[in-house]
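Structural overview for review
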Amino acid sequence: MKEINEIEGNNMTKKHRLLIAAIAILTLLHMVFCAFYSRLYGYFNLQDNLRLFLLATLIFRGIFLAVIAISGFISLNDKASKVTPFYLIFFLFNLIIPFVFN
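Residues numbered from 1 in each chain as written. Predicted model: local features only at pLDDT ≥ 70, side-chain atom pairs only at ≥ 80, totals over all residues. Heavy atoms only, no water.

**Side note on the packing of aromatic side chains**
Note on aromatic pairs: each is described by the distance of the centres and the angle between the planes. Per the stated rule, a full pass over the model turns up six aromatic pairs. Taking the centre distance of 6.2 Å and the plane angle of 45 degrees together, the rings of Tyr37 and Tyr41 count as tilted. Highlighted residues: Tyr37 and Tyr41, both in helix 3 (residues 37-46), separated by four residues, approximately one helical turn. Ring pairing ties together the aromatic residues Phe33, Tyr37, Tyr41, Tyr43, Phe44 and Phe53, which thus form one cluster. We note Arg61 situated over the ring of Tyr37; from NZ or CZ to the ring centre the distance is 5.5 Å. (Phe/Tyr/Trp six-rings, centres within 6.5 Å; stacked < 30°, edge-to-face > 60°. Helix = DSSP H or I, 4+ residues; strand = E, 2+ residues; numbered from the N terminus. Lys NZ or Arg CZ within 6 Å of the ring centre and 35° of its normal.)

Structural data, given as structure tokens:
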């Protein structure tokens, strides 16, 4: 029975469990950051560091979304079809979080 599940891609390896847990924790941190984004924006604007803040925010969000997308492609490559929807949900959720908190 184990061989059939591995052939069909219905297994969730420890690697994917750890990746999903890490992405979930980073998603929670991203939500907290987005909740305080307007305050941080104002603070860095008063300190004349707004361009650096906006650039750092854009780079970190881009890297975070790229890591989620690469993790999803790895799960497709590993034929772990059970975890691929989780990566897609996290990617789309993190993509729209900044717009929800505005």
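There is more to say after this.
**Some words on helix 2 (residues 14-35)**
With 22 residues, helix 2 extends 32 Å from end C-alpha to end C-alpha; this agrees with the ideal 32 Å at 1.5 Å per step. Buried within helix 2 we find His16, Ile20, Ile23, Thr27, His30 and Cys34. Buried residues in helix 2, looked at end-on, bunch into an arc of 80 degrees, giving them a common side. Facing away from the buried side of helix 2 by more than 90 degrees, the exposed set consists of Lys14, Leu18, Ile25, Leu28 and Leu29. Turning to helix 2, the residues buried within the fold contact helix 3, helix 4 (50-77) and helix 5 (84-100). (Expected span 1.5 Å × (residues − 1). Buried < 20%, exposed > 50% of the residue type's maximum accessible area, 1.4 Å probe, protein only. Arc of directions from axis to C-beta. Contact = heavy atoms within 4.5 Å.)

By themselves these figures say nothing about function.
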